[in-house]
Amino acid sequence: MQSKATASSRPTMSLPDIQWKNYVVYIFFVIVLAFFGFTIGDSGFLTVTNLFNIARTTAMITVIAVAMTFVISAGELDLSVGSTTALAALVCALVMQAGLPWPLAVAAAIGSGLVVGCLNGFFVTVIGIPSFLVTLGMMQFIRGLDMRITYTNPVSISNQTFNGLFGSGKLFGIPSLLIWSVAIALLGHVVLKYTGFGREILATGGNRLAAEYSGVKTRRVKFAAFLLSGAAAALAGMLYAGMMQTARFNFGEGAELMAIAAVILGGTSLFGGRGTILGTFAGSLLIGTINNGLIIMGLDVSEQMMVAGGIIILAVAFGKKPGAA
Amino acid sequence: MSSPDLLQMTDIRKSFGSIPVLKRVSFSLRRGEVHALMGGNGAGKSTLMKILTGVYSKDAGTIAIEGVPVDLHDTAAAERAGIAMIFQEFSLVPTLTVAQNIWLKREPRLPGTPFINNAEMVRRSRDLLRQLGVDIDPETPVGTLSVGYMQIVEIAKALSKNARILVMDEPTSSLSEAETEALFGLVAKLKASGISIVYISHRMAEILTICDRVTVMRDGEAVMTEPCAGLTVDHIVEAMLGAGNTASFEWHDRGERPAAAPVLQVRNLRLAARITDVSFEIRPGEIVGLAGLMGSGRTEIAETIFGRRMPVSGEVLFDGQPVRGQADAIARGIALVPEDRRKMGLVLDHSVRDNVLLPNLAQFTRHFLVQDGEALKTVTRTIRALSIKTDGPDKLARLLSGGNQQKIVLGKWLARDPRLLVLDEPTIGVDIGAKSEIVETVRAMADRGMAVLVISSELEELMAISDRILVLHGGRITQEMNRRNVASEEELHHAIQGHRIEPSDHVAA
């Protein structure tokens, strides 16, 4: 231990190198944009409509990933977000179908997300089960619940105010999905970077015990992160529902993994303590751009998945800090 | 010089970038010698040992073993040359057994097969451990052993590789008193069997006890190499610090504190395991030392005062009111610098700034937002006040030396202007320079009215800083004495073992 402390007093050699690695996601983003711009720029990739399209299709992942950044920065993981999106979408659609006003439906949907977050938080912070296991179980449980509620039947949403607000509408020509994701990302950025809560999240993930000894109520902090995650998943569910004008039990399948990939690509540490929402936003856009570009290039789904998976691994490999496990 | 030296390192030089870390350092080791290597953090002793063990390569100079030049270009080469570093618990796999750890990657095989000969491995391990005179079952998982035994397993592992030179880095820093004694016995045994040991430590007393020679390094140079016999602590400290300033580690009689209501009252405290009945008081401006053996319950008392533990019976009163939990303690001005700064004191991967701000976030938050500009002023002030050596507030705590890390932990609480500061082993792994600076800071704060409770295994430190010393033994305070009436470290040492000191009328030097 002492030897380490002494050794580290030697000058740090590779500082510029480390800083470069913090921006890997942005560099990859530019490279990918440039690549697609040159190769398929003529086939419609570079049109405003298509760029909006990318932002729209990634909105749900972005919203989930912003909250996931908090959870991961606090040293935890939430795998239940994917199935929670479908739960919230179904709750929302059913409340409206019952003839109740849409704001009530929105509140019910967010409420369902908070309940899931609350359960996750309880099992992780009070009972003390690792979040990977709790949320893995929760993911299964909620997906089962999604299927059970309507016996896998879709529920359509005819309320055009809701659909416009949450999915298919535009404001000054900008798709509402894009507005939602930018707004959530900015809010998340400010909260993580400039509030006491954000610092407490990072301290908890960086060294839970030291945070405790400094007066941070780390259980409460983690609990709050799960609540955020549940609420964000619910919002993402409503964005799906609004876009499709319907709610389905299979919304958000695999969204949890996409969101985690976006978070890690963005430069947040999988082990907690270091997180960046702007990176997450870029990570999410990067994944969306790759998928979109590959579709325009005419690759079929199997090829898309292989290429996208490979690019994610490469980007994370380039961003790895030297010596980090 | 046709020397009997086993190891001769001559004119070793090493730079990192443009910064010279070792400037022509020479170091020698005789057969069967225990040679202490001392120096402040950054003096270059770790770098020198990393060159010896093949972790770093030297820029210039020669290394010879038994007069034959050797090339220690990597750790495997150093291992072949018979050089081994004894790490603390960290290089063992806790889930594997003692035997599995000792022979890891070198397991004996059943003849003619790729299968491990478990019985043989256990037998050889047992022989080794018997040779070292310890009774450890080779089939126990390492994770269940105490730190002292883990270190012995480390030594056994080194000997199994036929090591002739052992480098021990702060071997006693996490050992109990009894384990330390056992280790000293083991060192003597190794020495008698012709093994040479480089012994790195900050603890003067133990160096003078077990070492034959001492080499002191300062600023990348070996400034002194002398036989231990006839050396005094003062000699060594002076060599480490350079001519002059050792004053702050001497005791100053701060005089009687003005009578004031005690800020802390501990009454008939009983805690689950070891504390049966402890009572004491601290008045504003007073520095009280708490002496006791490792495991005597000192840390538990500190954590109870800080509100992290609840007493089984008895009470902790701050300003006459009971402390209700940690949040209450912090809000009312109690601060704790915990025992293990890396685990409990710091978020190592965060910056100096973030670490200093962590307990003070509420103070700098307006409308939910942390006012970073305002906060930075406090951080900068803290860095300056404690002379924390860092490139800037954004440097990661991990990259600072032990002493500077400890200053961050101290600084983050001092930024709150606490009324009671509890220090639990504040100078473990802290070099002498930083140590005096910490002592000086604490004294200055006490002069301004802060009450201080210092817990330490280093009696030298308690003797240097306390106005009053409490001795904890067998779950109670067995003695309470004015520092003036304690003549020497030995007296205090006897007291914590359970002997009574009669207040003497001579005044300590």
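Residues numbered from 1 in each chain as written. Chains lettered and ligands numbered in written order. Predicted model: local features only at pLDDT ≥ 70, side-chain atom pairs only at ≥ 80, totals over all residues.

**A few points about the overall build of chain B**
Here is step 1 of the chain: Broken down by element type, chain B carries 17 helices and 22 strands.
Here is step 2 of the chain: Here the C-alpha radius of gyration of chain B, 25 Å, is about what a compact globule of 509 residues would show, namely 23 Å.
Here is step 3 of the chain: With the principal axes as the frame, chain B shows a C-alpha extent of 75 × 55 × 50 Å.
Here is step 4 of the chain: Long-range pairs, those at least 24 residues apart, make up 67% of the contacts in chain B between residues at least 6 apart in sequence. (Helix = DSSP H or I, 4+ residues; strand = E, 2+ residues; numbered from the N terminus. Rg over C-alpha atoms; globule rule 2.2 N^0.38 Å. Contact = placed C-beta atoms within 7 Å.)

**Side note on the overall build of chain A**
Here is step 1 of the chain: Along chain A, the regular secondary structure elements total 15 helices and four strands.
Here is step 2 of the chain: Overall, chain A is about 70 × 55 × 35 Å in size when its C-alpha atoms are taken along their principal axes.
Here is step 3 of the chain: The burial tally for chain A puts 52% of its 325 residues in the buried class. (Buried ≥ 20, exposed ≤ 12 C-beta atoms within 10 Å, placed from the backbone.)

**Some remarks on the confidence of the model for chain A**
Here is step 1 of the chain: For chain A, per-residue confidence averages 89 on the pLDDT scale, and residues scoring 70 or more make up 93% of the total.
Here is step 2 of the chain: Segment residues 1–16 of chain A: pLDDT under 50, and 33 contacts once partners within four positions in sequence are set aside and those in other chains are kept. (pLDDT = per-residue confidence, 0-100.)

**Section: helix α15 (residues 432–447) of chain B**
Residue and element names in this part refer to chain B.
Here is step 1 of the chain: The terminal C-alpha atoms of α15 lie 22 Å apart, and with 16 residues this matches the ideal 22 Å at 1.5 Å per residue to within 8%.
Here is step 2 of the chain: Among all positions of α15, only I432, G433, A434, K435, S436, E437, I438, V439, V442, M445 and A446 are buried.
Here is step 3 of the chain: Each element contacted by the buried residues of α15 is listed here: α8 (233–241), β13 (287–291), α14 (402–414), β19 (420–424), β20 (451–455) and α16 (459–465).
Here is step 4 of the chain: Immediately downstream of α15, the backbone of G449 shows phi near 110°, a positive value. (Expected span 1.5 Å × (residues − 1).)

**A few points about the packing of helix α6 (residues 102–127) of chain A against helix α7 (residues 131–149) of chain A**
Two quantities define a packed helix pair, namely the angle between the axes and the distance from one axis to the other.
Residue and element names in this part refer to chain A.
Here is step 1 of the chain: Interaxial distance between α6 and α7 falls to 9 Å at its minimum, and their mutual angle equals 145°. Seen along the crossing, α6 lies across α7 with a hand that is right-handed. Here V116, L119, N120, F123 and V124 of α6 come into contact with α7, specifically with S131, V134, T135, M138 and I142.
Here is step 2 of the chain: Classifying every residue of the contact of α6 with α7 gives seven nonpolar, three polar and no charged. (Axes fitted to C-alpha atoms, helices over the stretch in contact; angles between N-to-C directions. Left-handed = near helix turned anticlockwise from the far one by under 90°. Nonpolar A, V, L, I, M, F, W, Y, C, P; charged D, E, K, R; others polar.)

**Topic: helix α3 (residues 24–40) of chain A**
All names here are of chain A.
Here is step 1 of the chain: The terminal C-alpha atoms of α3 lie 23 Å apart, and with 17 residues this matches the ideal 24 Å at 1.5 Å per residue to within 8%.
Here is step 2 of the chain: For α3, the complete set of buried residues consists of V24, V25, F28 and F36. What you see down the axis of α3 is that its buried residues fit within an arc of 90°, all on one side. In α3, the exposed positions angled more than 90 degrees off the buried face are occupied by A34 and F38. (Arc of directions from axis to C-beta.)

**Section: the packing of helix α8 (residues 160–168) of chain A against helix α12 (residues 218–244) of chain A**
Residue and element names in this part refer to chain A.
Here is step 1 of the chain: Between α8 and α12, the least distance of the axes is 7 Å, while the angle of their chain directions is 115°. In terms of orientation, α8 lies roughly perpendicular with respect to α12. Helix-helix and strand crossings are classified by hand; for α8 and α12 the assignment is left-handed. Only M238, L239, A241, G242 and M243 of α12 make contact with α8, whose side of the interface consists of F162, N163, L165, F166, G167 and S168.
Here is step 2 of the chain: Taken together, the residues of the contact of α8 with α12 sort by class into seven nonpolar, four polar and no charged. (Parallel < 35°, antiparallel > 145°, perpendicular 65-115°, else oblique.)

**Notes on the sheet that holds strand β7 (residues 165–169) of chain B**
All names here are of chain B.
Here is step 1 of the chain: Pairing within the open sheet is mixed, and its six strands lie in the order β6-β7-β8-β3-β9-β10. Each having just a single partner strand, β6 (83–86) and β10 (221–227) make up the two edges of the open sheet. Along the sheet, successive strands turn relative to each other by an average axial angle of 20°, direction set aside.
Here is step 2 of the chain: Bridge analysis of strand β3 (residues 34–39) against strand β8 (residues 196–200) gives four bridges, and the strand direction is parallel. Across the sheet, H35 pairs through a bridge with V198, a residue of β8.
Here is step 3 of the chain: Contacting β6 and β7, helix α5 (residues 147–160) crosses the sheet at an angle of about 170° to β6. (Pairing = 2+ DSSP bridges.)

**Side note on the environment of B:D372**
All names here are of chain B.
Here is step 1 of the chain: With respect to the element layout, D372 can be found in helix α13 (residues 372–385).
Here is step 2 of the chain: Under the C-beta neighbour-count criterion, D372 is labelled partly exposed, with 13 such atoms within 10 Å.
Here is step 3 of the chain: Remark: the alpha-carbon pair of D372 and M204, spanning 168 residues in sequence, is separated by 43 Å.

**Section: the sheet that holds strand β22 (residues 476–482) of chain B**
Within a sheet, each strand pairs with its neighbour through backbone hydrogen bonds, oriented either parallel or antiparallel.
Residue and element names in this part refer to chain B.
Here is step 1 of the chain: Spatial ordering of the open sheet is given by β16-β19-β20-β13-β21-β22, a layout of six strands whose pairing is mixed. Each edge of the open sheet carries a strand with a single partner, namely β16 (334–337) and β22. Strand-to-strand, the axes of this sheet are offset by a mean angle of 20°, without reference to chain direction.
Here is step 2 of the chain: As paired elements, strand β21 (residues 468–473) and β22 share six bridges and run antiparallel to each other. When the bridges of β22 are listed, L472 appears paired with I477.
Here is step 3 of the chain: On top of the sheet, helix α9 (residues 298–305) reaches β13, β16, β19, β20 and β21; it is set at about 155° to β19, its chief contact.

**Some details on the confidence of the model for chain B**
Residues and elements named next belong to chain B.
Here is step 1 of the chain: On average, chain B scores 88 in pLDDT, and the residues at 70 or more come to 94%.
Here is step 2 of the chain: Confidence over residues 504–509 falls short of pLDDT 50; this stretch has eight contacts with residues more than four positions distant or in other chains.
Here is step 3 of the chain: Per the prediction output, this complex has pTM 0.79; the corresponding ipTM is 0.82.

**With respect to unusual backbone geometry**
Residues and elements named next belong to chain B.
Here is step 1 of the chain: If you check the backbone angles, D11 has positive phi at about 50° while not being a glycine.
Here is step 2 of the chain: Its location among the elements puts D11 in strand β1 (residues 5–16).
Here is step 3 of the chain: The class for D11 is partly exposed, based on 13 C-beta atoms found within 10 Å.
Here is step 4 of the chain: Located in the positive-phi region is D219, a residue other than glycine, with phi close to 50°.
Here is step 5 of the chain: The topology assignment puts D219 in the loop between β9 (213–218) and β10.

**A word on the nonpolar core**
Here is step 1 of the chain: Judged by nonpolar contacts, the single largest core of 173 residues is most densely connected at A:I64, A:C92 and A:L239.
Here is step 2 of the chain: For this core, the leading source of residues is α12(A), giving 17 residues.
Here is step 3 of the chain: Contacts of A:L239, omitting those with residues within four sequence positions, involve A:A59, A:M60, A:V63, A:F166, A:G167, A:L177 and A:W180.
Here is step 4 of the chain: Ranked by size, the runner-up nonpolar core spans 72 residues in total, among them B:I63, B:L92, B:V167 and B:I210. (Core = buried A, V, L, I, M, F, W, Y, C linked by C-beta atoms within 7 Å.)

**Things to note about the pairing of strand β14 (residues 313–318) of chain B**
Residue and element names in this part refer to chain B.
Here is step 1 of the chain: Direction of pairing for strand β11 (residues 264–270) relative to β14: antiparallel, over a ladder of five bridges. Note on β14: the bridge partner recorded for R270 is S313.
Here is step 2 of the chain: Pairing geometry for β14 and strand β15 (residues 321–322), over two bridges, is antiparallel. Across the sheet, the residue bridging to F318 is Q321, located in β15.
Here is step 3 of the chain: In sequence, β14 turns back onto β15 through a hairpin of two residues, with D319 there showing a positive phi of about 55°.

**Here's the deal with the pairing of β9(B)**
All names here are of chain B.
Here is step 1 of the chain: Most of β9 sits out of view: five of its six residues are buried.
Here is step 2 of the chain: Direction of pairing for β3 relative to β9: parallel, over a ladder of five bridges. Counterpart to H35 in the pairing with β9 is R213.
Here is step 3 of the chain: With six bridges joining them, β9 and β10 adopt antiparallel strand pairing. Within the sheet, the bridge partner assigned to R218 lies in β10 and is E221.
Here is step 4 of the chain: The turn joining β9 and β10, which pair antiparallel and follow one another in sequence, is formed by two residues; a positive phi near 50° is taken by D219.

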